[in-house]
Each structure stands twice: as structure tokens, then as C-alpha cells.
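Architecture at a glance
So you can see what is in the structure, the chains are spelled out below.
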Amino acid sequence: MKNKAEEFVIGLEIHLALNTKSKLFCGCSTNISGVEPNSLCCPTCLGLPGSKPRVNKRAIDFGIMVAKALNCEINPRMFFSRKSYFYPDMPKNFQISQYELPLAKGGYLKISEKKIGIRRIQIEEDPGRLIHVGGDITSAEYVLVDYNRSGIPLLEIVTEPDFTSTGEVKEFLSKLSMILQYLGAYDPKKEASMRIDANISMGGGRVEVKNITGFKAVESALSYEIIRQRNIMRRGGKVVRETRHFDPVSNTTRSLRAKEMEEDYGFILDTDLAEVAIDEKWIKDLENKIPELPDERVRRFVEEYKISERNAKVIVYTDKAFADFFEKCCEIYDKPTQVANWMVTDLLKSLNYNKISIDESEVEPEGFVEILKMIDEGKISGRIGKELVKRYVASGKNPREIVEEEDLTVLRGREELEEVVKKVLKENKNAVEDYRKGNKKAIEFLIGKALAKTGGRADPKLLREILLEFLK
Ligand SMILES: [Zn+2]
């Protein structure tokens, strides 16, 4: 049973790689995937003496847009500080970050019926990447360092400790990720583009779990940590304040070190970088560029296309391309409710089964709509339609072609169907008996059998008619 002392709150620090072409303080490319280690570095992102960092305006633009979308107040003065620490991922022994004044503060993001407070948003540079060979962070034989990632702009978003369940964390992160994608500020397909530190406080103790990568891992890390802390308290122990590391292989967390306080880092102003003034005009110009965001899109889908709110949410929150796909289908086929129903059931199921997104598949609005049209025309049965969605997602082959080539059109010949029904009645004497004894549901079973015999091509209405006649 849950008692009061076991209640917990969670706060997040989310690091998102901003989708800029070049790094935060130099012209090196951020396109590091599949590139030879340490090949995209220069004196600035390595922090060599005499290097001259200059801030990437696009990163600040993205930061301002995200801050506005999250209802934050933007500080008119922006400057950077050096966060000093000694670690192999930082060759210059400090990370350029923000401390005294963040880019923005005091916002919120609404999830379900709850607002999650945003404490601060700041811009900082990513450190290099450590590769632990022969083990993980606590057991590796040796460590390699790749500085390609060093200097990539990160947006750090710090929430208030407003989460009271892992479900809320998941909903928040999915919504946040979606908003940033709509702003073009973030690409979830880039490796480790979202990294999270989570603070969990229960019964007075506060534990920070560091470097959780991606959505799924957050849920596992938090679930493990909540159970671990509960167990300590049930045994009468006390949760100690510490920093822990999440191991995605074993889905557990391990103690790294006693939690450092902010003061443990020597923060000093970075005098190599000039202060940036963010005036009203800059903010207004960017505000005007903010596109329709996911929640507004859901509302519009309900109003404009008259689809259910549930369907609108599934379509919008699956991903942006999925919602674009819906609108393209509606442009060429005037039955939004049908499009929505088929998208959130059969299409989504097939995409998930094949582990691809709509833009990774070969499915086009034209081909998808063809399936619905063929059902409208009475050319194929709904059951064949479902089959076609599966095959279209798996092979990319045009559904109308599949129907023509394999002759999947609806069987209309009454005589042909009567033959099928006769056979089914003969083979399923028990069901026939049941039906005659008053179990009217037995007819559904018989229809199913008859449909299967025709490979799903029969018109179920006609089948029912014939069956009823024969059963009289
Ligand atoms: Zn560089």
C-alpha cells in the first residue's frame, strides 16, 4: 500500500541537440553521424588557446522560438558562463553554458489537464562523446574520446518538480519533442538528440539519475528508481542524496557519486563571448515565424474535418509527417472520417508492425485513398481493404494493381456464394445446431467461415442473406 511518505515528485533537465547546420561557437558541421571520430573539430570546439568563439545566431533563434512556444519570459540580455570541471569529454576543462541569467524562464507546458512548470531554458555546448570500451561507465577497461560532438548546440530545459507519475513524464516528453519538431529546432532521428537527467524526490531524499537517452529509457529508469527508493524506505532506511547512472542494458541505476551542489562548479563569466542583446523586434519577428503547433492542429482537425478528438490526437501526435499525410488524403478524397479511422487503426498498426514511420514507408496518399475508394465502389470488401493496407505498407505496391493482378474483387455471383454456404453448413453441423437451438450468434461464426473460404472476397451482407435463407 502507498503511504504519504512514499509519494514522489520528479523534475527533469532535458538536453536537446538543436538542429543547426554548424556548431554553437564555430563553423564545424553538426552532421556527425557515421563520420570518422575527431574529424569535425577545430581549435574553437577543442578549446585550444587563442581560439575565437562566435555565437551561432540560428541557435539563439531556435532557443527564443522554443521559449515562446513554452510560454516563457525571455531575458533581454544574454551572456555565457564557463562551467568549470575536469573530465575527459571537455578538453578545455570548462563547458560554455549559461548560469546567472538563462535565455528564458518561468513558462509552462500543458499536458492533459495539468500544467508542468518550466523553470529555465538555456543554451550550452555539448561536450565530446566518451566511448567506454570493454564495459560501461563503471567497469570499462579504457575510454576513447570523440570530440566531433563537442560544441554542438544544446538547449537545456529545466522543469519544476511537477511530475507525479512516469506517465506524465512520458506525455510531457512526447509533446515537447513534437513541438520542437514543428519548430524545426530538433530532429529526433539524430543519435542521442535527447538526453535527460531526472531528479526524483521521495521522503526527503533527492536522487539525480544522469544521462538517460530517449523516451523508453526514461520510463525504465524512473520505474526502477521509484521501486528502489520505496524499498529502502520500507526497510526503515533513508534515501541518500546522490547522483546515479542509468544502465540501459540491465534497466537499473547505479551510484556514481554524492550529488555535487551548483557551487561545486566554478562558474565564471565567459569574456571571450560578447553579450547579446535580445530586443522586442527580434522576438516579435521570430514569433511571427512560429507555425501552427500540435495542439492547435488537433483543434483545427476537429473543427475543419469534423473527426473525433481522439483520432485527431492520435494522428497529430504520431508524428508530423503522419498528420501531413492525413491532410493530403483529405485533399483528394472527401471523406475525412473514413481516412482518419483507417489511418489510426489499420495503417498505424501496419507501420508499427514494420517498425517504420509513414515517411520511411512507400505509402502515398494517392494509393492509400485508392483502397478506400475501391471499398466505396463496392469493388472490394472491407476485409480485403484491411489486407491491402498491410501489403501496401510492407511492399509499397499500388493497391489497385494488386487487386487487378490477383483478382481480389468482391464475389457477387449468388450461385457461387450459395455453393460456398452449402459447404460451410455441411462442415459446421454443431454451429448449425446451436443456431437452431436459439443461439443466434452462431451465424457470425458461419459467416466468418464462409468469408474465409472466399479469401475475404465475398460481400458479407449477401452471405448473411443466403445463410439466413438456408437456415430457415
Ligand atoms: Zn569547431
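Note that the coordinates shown come from a computational prediction; the quantities given were computed from them, not determined experimentally.

The subject of this paragraph is the overall build of the chain. Each helix and strand counted, the chain has 16 helices and 16 strands in total. On C-alpha atoms alone, the chain measures out to a radius of gyration of 29 Å, which is more than a quarter above the 23 Å that the 2.2 N^0.38 rule sets for 472 residues. A principal-axis box enclosing the C-alpha atoms of the chain has dimensions of 90 × 55 × 45 Å. Put simply, the chain has 472 residues, and 49% of those count as buried. Of the contacts formed within the chain by residues at least 6 apart in sequence, a portion of 68% connects residues at least 24 apart. Split by element, the accessible area of the chain, about 23800 Å² in all, is 51% carbon and sulfur.

Turning our eyes to something else, we now look at helix α7 (residues 309-318). Every buried residue belonging to α7 is among N311, A312, I315 and V316, and all of these are buried. Along the axis of α7, the buried residues cluster in a sector spanning 120°; they form a single face. Where α7 is buried, its residues touch α3 (166-182), α6 (294-305), α8 (320-332) and α9 (336-353).

Take the coordination of the zinc ion next. Protein-derived ligands of the zinc ion are C26 (SG), C28 (SG), C42 (SG) and C45 (SG), with the metal-ligand distances lying across 2.3 to 2.4 Å. Given 4 donor atoms and angles of 102 to 115° at the metal, the environment of the zinc ion is assigned as tetrahedral. In the primary structure, the donors to the zinc ion are separated according to the pattern C-x1-C-x13-C-x2-C. Remark: C45 occurs in helix α1 (residues 43-46) and C26 occurs in the loop between β1 (8-17) and α1; sequence separation between them is 19 residues. Look at C26 and you get buried, because its relative accessible area is 13%. Here C45 falls in the buried class, since its relative accessible area comes to 3%.

Right, let's talk about the side chain of D126 for a bit. Turning to its location among the elements, D126 is positioned in the loop between β7 (114-125) and β8 (129-133). Take D126: its relative accessible area is 1%, and that puts it in the buried class. Polar contacts involving the side chain of D126 include one to the side chain of R195, which spans 2.6 Å. The residues contacting D126, other than those within four sequence positions of it, are R149, S150, G151, I152, L154 and R195.

Within the element layout of this structure, Q229 appears in helix α4 (residues 215-234). If sequence neighbours within four positions are ignored, Q229 has contacts with I200, M202, V207 and V239.

What follows is about the packing of helix α14 (residues 429-436) against helix α16 (residues 460-471). Packed helices, taken two at a time, are described by their axes: the angle between them and the distance between them. Axis separation between α14 and α16 bottoms out at 11 Å; the angle between their running directions is 75°. The pairing of α14 with α16 is recorded here as roughly perpendicular in orientation. In this structure, α14 uses V432, Y435 and R436 to contact α16, whose residues at the interface are L468, F470 and L471.

Now for the pattern of salt bridges. Summed over all chains, the structure comprises 45 salt bridges. In this structure, R77 engages E275 in a salt bridge whose closest nitrogen and oxygen atoms are separated by 2.7 Å. Here the residue R77 occupies a position in strand β3 (residues 77-78), and E275 occupies one in the loop between β15 (266-269) and β16 (276-277), the gap between them amounting to 198 residues. Since its relative accessible area comes to 43%, R77 is described here as partly exposed. Among the residues examined, E275 registers a relative accessible area of 43% and is labelled partly exposed. A salt bridge links E292 to R297; the nearest nitrogen and oxygen atoms lie 4.0 Å apart. Look at R297 and you get buried, because its relative accessible area is 5%.

Moving on, we get to the nonpolar core. Counting 107 residues, the largest nonpolar core has F172 and L347 as its most contacted members. Each residue touching F172, except ones within four places of it in the same chain, is listed here: L12, I14, L109, I111, I116, I118, T159 and F163. Core analysis: the second largest hydrophobic core is formed by 21 residues, V421, A431, V432 and A442 among them.

A few words on the domain arrangement of the chain. Taken domain by domain, the chain comprises domain 1 (4-286), domain 2 (292-406) and domain 3 (414-471). Look at where the C-alpha atoms of domain 1 and domain 3 centre, and you get two points 62 Å apart.

So, on to the packing of aromatic side chains. Per the counting criterion, the structure on display carries 7 aromatic pairs. By way of ring pairs, the aromatic residues F301, Y305 and F326 are connected into one cluster. The lysine or arginine in question, K115, covers the ring of Y108, its NZ or CZ lying 4.3 Å from the ring centre. The cationic tip of K440 hangs over the ring face of Y435; the distance from NZ or CZ to the ring centre is 4.4 Å.

Calculation notes
Residues numbered from 1 in each chain as written. Predicted model: local features only at pLDDT ≥ 70, side-chain atom pairs only at ≥ 80, totals over all residues. Heavy atoms only, no water. Helix = DSSP H or I, 4+ residues; strand = E, 2+ residues; numbered from the N terminus. Rg over C-alpha atoms; globule rule 2.2 N^0.38 Å. Buried < 20%, exposed > 50% of the residue type's maximum accessible area, 1.4 Å probe, protein only. Contact = heavy atoms within 4.5 Å. Areas by Shrake-Rupley, 256 points an atom, 1.4 Å probe, with all protein chains shown as cover. Arc of directions from axis to C-beta. Donors = N, O, S within 2.8 Å, 3.2 Å for Na, K, Ca; no water. Tetrahedral: all angles 85-135°; square planar, octahedral: opposite > 155°, others 65-115°. Polar contact = N/O pair within 3.5 Å; in protein donor to acceptor, adjacent residues only side chain to side chain. Axes fitted to C-alpha atoms, helices over the stretch in contact; angles between N-to-C directions. Parallel < 35°, antiparallel > 145°, perpendicular 65-115°, else oblique. Salt bridge = Lys/Arg side-chain N within 4 Å of Asp/Glu carboxyl O. Core = buried A, V, L, I, M, F, W, Y, C linked by side-chain atoms within 4.5 Å. Domains from an automatic or database assignment. Phe/Tyr/Trp six-rings, centres within 6.5 Å; stacked < 30°, edge-to-face > 60°. Lys NZ or Arg CZ within 6 Å of the ring centre and 35° of its normal.

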